[in-house]
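# Architecture at a glance
As a plain string of letters, each chain reads:
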Amino acid sequence: FGMHAFLVVAVALTAAAQSENDVTGEDIYPPLWDLALENPLDFPVKENKIVINAWNYQDRLGVYKSLLNASAKYFGAFGPQNSGNILWGLPLQHGWQFRTGRLADPSGVTSCGYENGELLCQSVRSWWSSMNYYLAIIPFLGAVEAGLFGQLPYEIEILPPEEQKEDFCYSVKDCWSHMPKLMDDWKAFFEYLLSTEHKAVSSARFSSFKLDDALGLMWKAHTTSIAYALPKFQDRLKYVSNPEVDFGEDWANGVDFIAATHFITDLLTTNHFQAFLPQRILVEGDVPPSISDFSPQQNKVLVSLRALHKANKLTGGLLLKLWRKAMSTEAGRKLGRKLIESLTLS
């Protein structure tokens, strides 16, 4: 049942996305992508420190754009105009969170994140915004430490939120002391990219680059970040409806299964994958598969993610262990992806 549930999730997501017209033009990028800063030195410098406001959507987007730009040369062989860069999954997910209102203050106490207030504000009370910190700032600081941006002339300082400051870290040194495993995993991913540069025969093509290895390191860091952040931000879920709580937890569980396949998170694939995620926050009374303003495919994805999470819990996590074992070789992962593709096509 559990394995069937996973395949249903994968098929529902990919088939639903492919049943729509291809996304073209600016729609494939996160909201306000064109306005985001492009490298660390574009951010303001105060007292010899590059200052980044991680609680502003545009600043966090600038962190992602810096990562995409600095790593572009390593992914030139995988698609034109950096479209093959596997880091696209991070800003695209964040863009979806922003577009669907999931970064706004869910308690309603402040106007943070709302159109009639501070639209670009990201609330520290938002579960999605807090979770995403560990998939934005930590990868960025890991990249800084690895040397992805070269030798920066200033230290990086991340501004703290107005409350619950103890849940985050704010500089390379601070993050290393509080969460060394996370920093180490993200640094390892970027060091792998950098190592291919030194081995490359020509600067135009990084011949030693192996996509599966890079995906493995990236997904390892990604899932480590989520596992670390999940228990930390349980209290944020009190502000949202039970259906939204279920969806958030189902999403986090689903990522573990997707990660095991070394899912390719490039620009086009990620856009296809998240095309049928919920386009708004779930509220009380939303019961998939009967949410009237969601498409049948969106309803199906919610049902499937719930089934997968329940099956994994019922087996005490054994389902995920078995799936990871099946995906533990490159051949296994390739087979897993092919199986999903063939089911989608049928």
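So, here is what we can say about the structure in this document. (Residues numbered from 1 in each chain as written. Predicted model: local features only at pLDDT ≥ 70, side-chain atom pairs only at ≥ 80, totals over all residues. Heavy atoms only, no water.)

## Some points on the pairing of strand β3 (residues 155–158)
- Only one face of β3 is covered, namely the face carrying Ile-156 and Ile-158; the face carrying Glu-155 and Glu-157 is uncovered.
- In this structure, strand β2 (residues 49–52) lies alongside β3, joined through four bridges in parallel fashion. From the neighbouring strand, Lys-49 faces β3, where its bridge partner is Glu-155. (Buried < 20%, exposed > 50% of the residue type's maximum accessible area, 1.4 Å probe, protein only. Helix = DSSP H or I, 4+ residues; strand = E, 2+ residues; numbered from the N terminus. Pairing = 2+ DSSP bridges.)

## Let's talk about the state of the cysteines
- In this structure the tally under the stated criterion is two disulfides.
- Sulfur-sulfur distance for the disulfide between Cys-112 and Cys-121 comes to 1.9 Å. Handedness here is read from the sign of the S-S torsion; for Cys-112 and Cys-121, about -90°, the answer is left-handed. The pair formed by Cys-112 and Cys-121 is uniform in burial state, with each residue classed as buried.
- Here the disulfide map of the protein chain reads 1-2, 3-4, the bonded cysteines being numbered as they appear in the sequence. (Disulfide = S-S within 2.5 Å.)

## A short note on the sheet that holds β3
- An order of β1-β2-β3 is seen for the three strands of this open sheet, with the pairing classed as mixed. At either end of the open sheet lies a strand with only one pairing partner, and these are β1 (45–46) and β3.
- Bridge count between β1 and β2: two bridges; the pairing is antiparallel. Looking across to β2, one finds that Val-45 is bridged to Ile-50.
- Its contacts with the sheet place helix α5 (residues 137–146) against β2 and β3, and it is angled at close to 170° to β3. (Contact = heavy atoms within 4.5 Å. Axes fitted to C-alpha atoms, helices over the stretch in contact; angles between N-to-C directions.)

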